[in-house]
Amino acid sequence: LIFKKTYSPLTSAEIIAKEKANMDDKRFQHCVRVSETSRKLAKLNGYDEDKAALAGFVHDYAKQVPVEEYVKVIKEQDFDPDLLNWNRAIWHGIVGTYFVERDLKIRDPEILTAIRRHTTGDVEMTTLDKIVFMADFIEPGRDFPGVDEARKITYANLDKGVGYQLAHTLSFLIEQRNKVYPRTLKAYNVWSTK
Ligand code: GDP
Ligand code: FE
Ligand code: FE
Ligand code: FE
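Every value quoted in this text rests on a predicted model; they were computed, and no experiment measured them.

(A) Representation of helix α6 (residues 96-104) in the model. Restricting attention to buried positions, one finds in α6 the residues Gly 96, Thr 97, Phe 99, Val 100, Asp 103 and Leu 104. The arc that holds the buried residues of α6, viewed along the axis, is 160 degrees, so those residues lie on one side. In this fold, the buried residues of α6 make contact with α1 (12-21), α3 (49-58), α4 (67-76), α5 (88-94) and α7 (109-117). Once α6 ends, the next one or two residues include Lys 105, with phi positive near 60 degrees.

So this is what it looks like as structure tokens:
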């Protein structure tokens, strides 16, 4: 694992070490697989492979940051106070970029936006946003009913993959009687028909 361009004053090895120190091994291996899958999707969709591989690698950097730290950052860093009504599932993307900037010194707006959008999707999504969003969903460690169809659709058409994932997530959330973050629903309404 190596990133030729890091988009950070830190070296590739330093970024990898910080990532490893910030999560358990299971989560770290997921991030490695999302990185590899992002690289593959970048190649298929004419996007910078090294940039996609880095974005995929750091997408869950803040997934295991303690809840108290998130609450403090949301209150002190001018995030929308409505975020306090949600949890780490939603925070680690939208607020997670704060920790990625602070610790990994990655300031590239495309990478930060892809992290921000990787859980909920969004009404507008760039190629990198779609790559990371889909790599997270179909990386080889994922095993859920429909994952093979999701892989097939995504490798054939990235936009259709986004629609498939949002429909799948929405069904799952509703089945669990879980709250739907409004951005997830807005994204579904745009991408379900593509
Ligand atoms: P992970 O970080 O690799 O586990 O994957 P994600 O970042 O894509 O998703 C984290 C969790 O957020 C998953 O369990 C999703 O089901 C959940 N999630 C996605 N959208 C929503 C939403 O709108 N509302 C809620 N409550 N959870 C969501
Ligand atoms: Fe995530
Ligand atoms: Fe995701
Ligand atoms: Fe993930």
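Read on for the rest.
(B) Quick peek at the site of ligand 1. In the vicinity of ligand 1, 18 residues are found, and the nearest of them are Lys 63, Thr 119, Arg 142, Tyr 181 and Thr 184. Between ligand 1 and Arg 27, the relevant distance is 3.1 Å, taken from an oxygen atom to a side-chain nitrogen or oxygen of the residue. Between ligand 1 and Asp 136, the relevant distance is 3.0 Å, taken from an oxygen atom to a side-chain nitrogen or oxygen of the residue. Protein chains shield 82% of the accessible area of ligand 1, which is 580 Å² for the free molecule. Sorting elements by how many residues they give to the shell around ligand 1 places α5 first, with 3 residues. In terms of residue class, the shell around ligand 1 is made up of 5 nonpolar, 7 polar and 6 charged.

(C) Region of interest: the coordination of the iron ion (ligand 2). Protein coordination at the iron ion (ligand 2) comes from Asp 60 (OD), His 92 (NE2) and His 118 (NE2), with a distance range of 2.1 Å. Between the donor residues of the iron ion (ligand 2), the gaps in sequence give the motif D-x31-H-x25-H. A separation of 5.3 Å is found between the iron ion (ligand 2) and the iron ion (ligand 3). Here Asp 60, found in the loop between α3 and α4, pairs with His 92, found in helix α5; they are 32 residues apart in sequence, far enough to count as distant. Judged by its relative accessible area of 2%, Asp 60 is buried. With relative accessibility at 3%, the residue His 92 sits in the buried group.

(D) Geometry of the coordination of the iron ion (ligand 4). Distances from the iron ion (ligand 4) to its protein donors, His 30 (NE2), His 59 (NE2), Asp 60 (OD) and Asp 136 (OD), fall within 2.1 to 2.2 Å. Counting residues between consecutive donors of the iron ion (ligand 4) along the chain gives the motif H-x28-H-D-x75-D. Here the iron ion (ligand 4) and the iron ion (ligand 2) are spaced 3.5 Å apart, with Asp 60 acting as a shared donor.

(E) Quick look at unusual backbone geometry. Although it is not a glycine, Tyr 7 adopts a positive phi angle of roughly 55 degrees. Along the polypeptide, Tyr 7 turns up in the segment before α1. The phi dihedral of Arg 177 falls on the positive side, at around 55 degrees, and the residue is not glycine. Among the secondary structure elements, Arg 177 is positioned in the loop between α10 (158-175) and α11 (182-191). For Arg 177, a relative accessible area of 75% corresponds to the exposed category.

Cut-offs used in this document
Residues numbered from 1 in each chain as written. Chains lettered and ligands numbered in written order. Predicted model: local features only at pLDDT ≥ 70, side-chain atom pairs only at ≥ 80, totals over all residues. Heavy atoms only, no water. Buried < 20%, exposed > 50% of the residue type's maximum accessible area, 1.4 Å probe, protein only. Helix = DSSP H or I, 4+ residues; strand = E, 2+ residues; numbered from the N terminus. Arc of directions from axis to C-beta. Contact = heavy atoms within 4.5 Å. Near = heavy atom within 4 Å. Polar contact = N/O pair within 3.5 Å; in protein donor to acceptor, adjacent residues only side chain to side chain. Areas by Shrake-Rupley, 256 points an atom, 1.4 Å probe, with all protein chains shown as cover. Nonpolar A, V, L, I, M, F, W, Y, C, P; charged D, E, K, R; others polar. Donors = N, O, S within 2.8 Å, 3.2 Å for Na, K, Ca; no water.

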